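So the chains spell out like this:
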Amino acid sequence: MCPDSCPSGCLYLVATPIGNLGDLSPRAILAIRDSELIACEDTRVSAKLLNHLNIQKTLISYREENERLKCTELASQIEDGKKIALLSDAGYPCISDPGFRLVRECHKRNLLIIPIPGPNAALTALVVSGLPTHQFIYLGFLPKKSAQVKNLLVKWQEFDGSIIVYESKYKIEKTLLAIIEVLGSDRYICIARELTKAHESILSGPVHEVSQKQSLASGKGEFTLVIGPSGYSFTGFQR
């Protein structure tokens, strides 16, 4: 359904750029313009986006800390006929970002939900990685403790597809060491850093080589890791 034909009372799930503002789709802009209220992870971040678009809307904070309370309030406003757009700081709402509870509440009340597809760091990293795309699993942000990271890697080490995770700049080196320890130094991975931004970096290959290259590169920014299946290489894997 197109935004300009939407009846009153709906939730737009709007994917926003993960870096390059040119990735915002015309349909996403229409949805934002059509909305009466913008629920966003960080009002300051979304305000910059709306200023770029020369759009003025009422912004309300909708983040992990207040999601349980706000989801019922927003659903009630939609039930009363209001059009609300949900925006993440970057990427798609509900994917390692707030939104699940609001979507669930709207389903409970049989309210209209309109997804507006767009940028997503996990899929962007996967398609550019050179690693298998026939099947994959997304595990979100890795646990904070090294032991938990290793346990997770052990659990999925025989998965016959690619594993996608997000990692912070503070833990990227430790996580690479954990991958080498658990999965072996020849396991193929991709480190995608600052996707679509000015300092975008994409490193793919055996983890021992990629880890060495990353140690010489910038440790700043946001990281998406893709881990290939056991036995995969750029020259010896047929599918």
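Here is what the cut-offs are and how they apply
Residues numbered from 1 in each chain as written. Predicted model: local features only at pLDDT ≥ 70, side-chain atom pairs only at ≥ 80, totals over all residues. Heavy atoms only, no water. Helix = DSSP H or I, 4+ residues; strand = E, 2+ residues; numbered from the N terminus. Rg over C-alpha atoms; globule rule 2.2 N^0.38 Å. Buried < 20%, exposed > 50% of the residue type's maximum accessible area, 1.4 Å probe, protein only. Contact = heavy atoms within 4.5 Å. Polar contact = N/O pair within 3.5 Å; in protein donor to acceptor, adjacent residues only side chain to side chain. Salt bridge = Lys/Arg side-chain N within 4 Å of Asp/Glu carboxyl O. Arc of directions from axis to C-beta.

A. Structural detail: the overall build of the protein chain. For the protein chain, the count of helices and strands is eight helices and 10 strands. Scaling as 2.2 N^0.38, a compact globule of 239 residues should have a C-alpha radius of gyration of about 18 Å, and the protein chain matches this with 20 Å. For the protein chain, the C-alpha atoms occupy an extent of roughly 55 × 35 × 35 Å along the three principal directions. A buried classification covers 46% of the 239 residues belonging to the protein chain. Looking at the protein chain alone, contacts between residues at least 24 apart form 72% of all its contacts between residues at least 6 apart.

B. Looking closely at the environment of S61. With respect to the helices, strands and loops of the structure, S61 is situated in strand β3 (residues 58–61). For S61, a relative accessible area of 21% translates into the label partly exposed. When the C-alpha positions of S61 and K108 are compared, they lie 22 Å apart, and in sequence the two are 47 residues distant. Among all residues touching S61, those that are not within four sequence positions of it are C40, E41, T43, N66 and K70. Of the polar contacts made by the side chain of S61, one reaches the side chain of R63; its length is 2.6 Å.

C. Expanded view of the pattern of salt bridges. Applying the stated criterion across every chain, the model contains 11 salt bridges. With a closest N to O distance of 3.0 Å, R109 and E79 form a salt bridge. Here R109, found in the loop between α4 (100–108) and β5 (112–116), pairs with E79, found in helix α3 (residues 67–79); they are 30 residues apart in sequence, far enough to count as distant. Residues K197 and E194 are paired through a salt bridge, measuring 3.5 Å at the closest nitrogen-oxygen approach. Looking at K197, the relative accessible area reads 29%, which means it is partly exposed. A single salt-bridge network, built from bridges that share partners, covers E79, E105 and R109.

D. Region of interest: helix α8 (residues 207–216). Among the residues of α8, those classed as buried are V207, V210, S211 and Q214. One face of α8 carries all of its buried residues, which in axial projection span an arc of 100°. Turned more than 90 degrees away from the buried face of α8 sit Q212 and L216, all of them exposed.

E. Seen up close, unusual backbone geometry. We note that C94 has phi near 85°; this positive angle belongs to a residue other than glycine. Topologically, C94 is positioned in the loop between β4 (83–87) and α4. Take C94: its relative accessible area is 28%, and that puts it in the partly exposed class. Here the phi dihedral of E194 falls at roughly 55°; this positive angle occurs in a residue that is not glycine. You can see E194 is positioned in the loop between β8 (188–193) and β9 (201–206). A relative accessible area of 15% places E194 in the buried class.

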